[in-house]
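Letter by letter, the chains look like this.
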Amino acid sequence: MALMLGQHVVDPPVVLAPMAGITNVAYRQLCREQGAGIYVCEMITTVALAHRNPKTEKMIRFGPEEQPRSIQLYGVDPVITAKAVRRIVAEDLADHIDLNFGCSVRKITSKGGGSAIPWKRRLFASIVAAAVDNADGLPVTIKMRKGIDDDHLTYVEAGLIAQDVGVKWVALHARTAAQRYSGTADWEAIATLKQALDVPVLGNGDIWEADDALRMVDETGCDGVVVGRGCLGRPWLFADLEAAFRARVDGSERPAPVMPSLGEVAHVMRRHAGLLAGWFDKERDGVTDFRKHVAWYLKGFPVGGELRRAMAMSSSLMELEDLLGKLEHDTPFPQSELGLPRGRTNSPGKVFLPEGWLADRDSDEVPEGAELDDSGG
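Residues numbered from 1 in each chain as written. Predicted model: local features only at pLDDT ≥ 70, side-chain atom pairs only at ≥ 80, totals over all residues. Heavy atoms only, no water.

Q: Is there a simple way to explain the packing of helix α9 (residues 210–220) against helix α10 (residues 237–250) in this structure?
A: Axis angle and axis distance: for two packed helices, these are the angle between their axes and the distance between the axes, and together they describe the pair. Axis separation between α9 and α10 bottoms out at 8 Å; the angle between their running directions is 45°. Relative to α10, the element α9 is oriented oblique. The interaxial crossing formed by α9 with α10 has right-handed handedness. For the pair α9 and α10, the contacting residues are Ala 210, Ala 213, Leu 214, Val 217 and Asp 218 in the first and Leu 237, Asp 240, Leu 241, Ala 244, Phe 245 and Arg 248 in the second. Tallied by class, residues from the contact of α9 with α10 come to 8 nonpolar, no polar and 3 charged. (Axes fitted to C-alpha atoms, helices over the stretch in contact; angles between N-to-C directions. Helix = DSSP H or I, 4+ residues; strand = E, 2+ residues; numbered from the N terminus. Parallel < 35°, antiparallel > 145°, perpendicular 65-115°, else oblique. Left-handed = near helix turned anticlockwise from the far one by under 90°. Contact = heavy atoms within 4.5 Å. Nonpolar A, V, L, I, M, F, W, Y, C, P; charged D, E, K, R; others polar.)

Q: In this structure, what is going on with the sheet that holds strand β7 (residues 140–145)? I would like to understand it.
A: Note on sheets: strands pair through backbone hydrogen bonds, and any given pair is parallel or antiparallel. Within the closed barrel, the 8 strands sit side by side as β3-β4-β5-β6-β7-β8-β9-β10. Their pairing is parallel. Strand-to-strand twist in this sheet, taken as the mean axis angle between neighbours without regard to direction, amounts to 25°. Sheet topology places strand β3 (residues 14–16) next to strand β10 (residues 224–227); 3 bridges connect them, and they run parallel. Bridged to Val 15 within β10 is Val 226. Packed onto the sheet, helix α6 (residues 121–134) meets β6 (96–101) and β7 and runs at close to 170° relative to β6. (Pairing = 2+ DSSP bridges.)

Q: I would appreciate a short explanation of the side chain of His 173 in the present structure.
A: Tracing the backbone through its elements, the reader meets His 173 in strand β8 (residues 170–173). Apart from the residues lying within four places of it in its own chain, the contact partners of His 173 are Lys 143, Met 144, Arg 145, Lys 146, Arg 180, Tyr 181, Asn 204 and Gly 205.

Q: Just to check I follow, could you spell out the layout of surface pockets for this structure?
A: Approximately 180 Å³ is the volume found for the second largest pocket. Put simply, the parts of the chain that give the lining of the second largest pocket at least two residues each are β2 (8–10) and β4 (38–45). (1 Å grid on protein atoms, 1.4 Å probe; cavity = no way out; pocket = protein on both sides within 12 Å on 5 of 7 lines; lining within 4 Å. Points joined across faces, edges and corners; volume = space filled by probe spheres on them.)

Q: Explain the environment of Gly 230 to me, please; I cannot follow it from the model alone.
A: Tracing the backbone through its elements, the reader meets Gly 230 in the loop between β10 and α10. With near-sequence residues (within four places) excluded, Gly 230 lies in contact with Ile 207, Trp 208, Leu 237 and Arg 342.

So this is what it looks like as structure tokens:
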């Protein structure tokens, strides 16, 4: 099974979810080396892109071999969204535009952005239309959640609106904004959306192993999967995903999942840190950014706390290399970690919204002050 994204074939139908501070050029390259698919850059604000914010200018860079180049935009103003998309087209900045309607963090929803927007159906439609109408043929897709909470579900209506406006696919993170990353994803909602739409539907939520991706397709009928937290510290998951989908299509015997030893994990860690050092231009900055990945890579391995802490405080490639050399390289991958959640697993919480946000669904007024921040992605 393969997806079409404009003129691009997405085979296997696997998308790396954009994750702030994670899916930069370095991590996308590391994942692309493992398997085919679409690898989306970090979320970019439309106002920062339109105003050429220096931080954003760096974030929108792509590697020379990235194809198609995929960028995710966040914005709440149709006029600025149109301006940002026109710049992407005029300067050939990307080959695919995804719109974020799924972010649930307070600084986004409190401005009426992310997962808050679909509740305002006319504003939502205007934003999506602004992107599609100004994309000059570039494929536009959306990613969203089920709704603000269980009392304010919007995913079917929003999917239909986006389809009518002209998006190429709709991806659903099968949780509400109030759920954040807690509990389990509601795959039945993905099935419901698939039944309601004619455009392809992609499922997101609780894909920890390649088997989960195949099961999601079987249970929901979705056309592809979006993988986020499941690949943290495990870029080789994309090799498993490609092999699993390939065997499904070919009817061939599926290879065993990738189960790297600690030594092989250490090799990937070195590669990741080196790529980051190159992307940041300064070695120290790259290694410092790598620190947050240490716990994910070593999750479940019997590595002492002192060594873990030292790696998480390293500031040079040489220092990191020395510490990685102290690992027991023959240690097998911890089977107990397979199928378990990774990354954020927080509790449900209040969704912060602009005052009076829920009162009028048909208002297309842009929230006051929502587009003043041009601090980058």
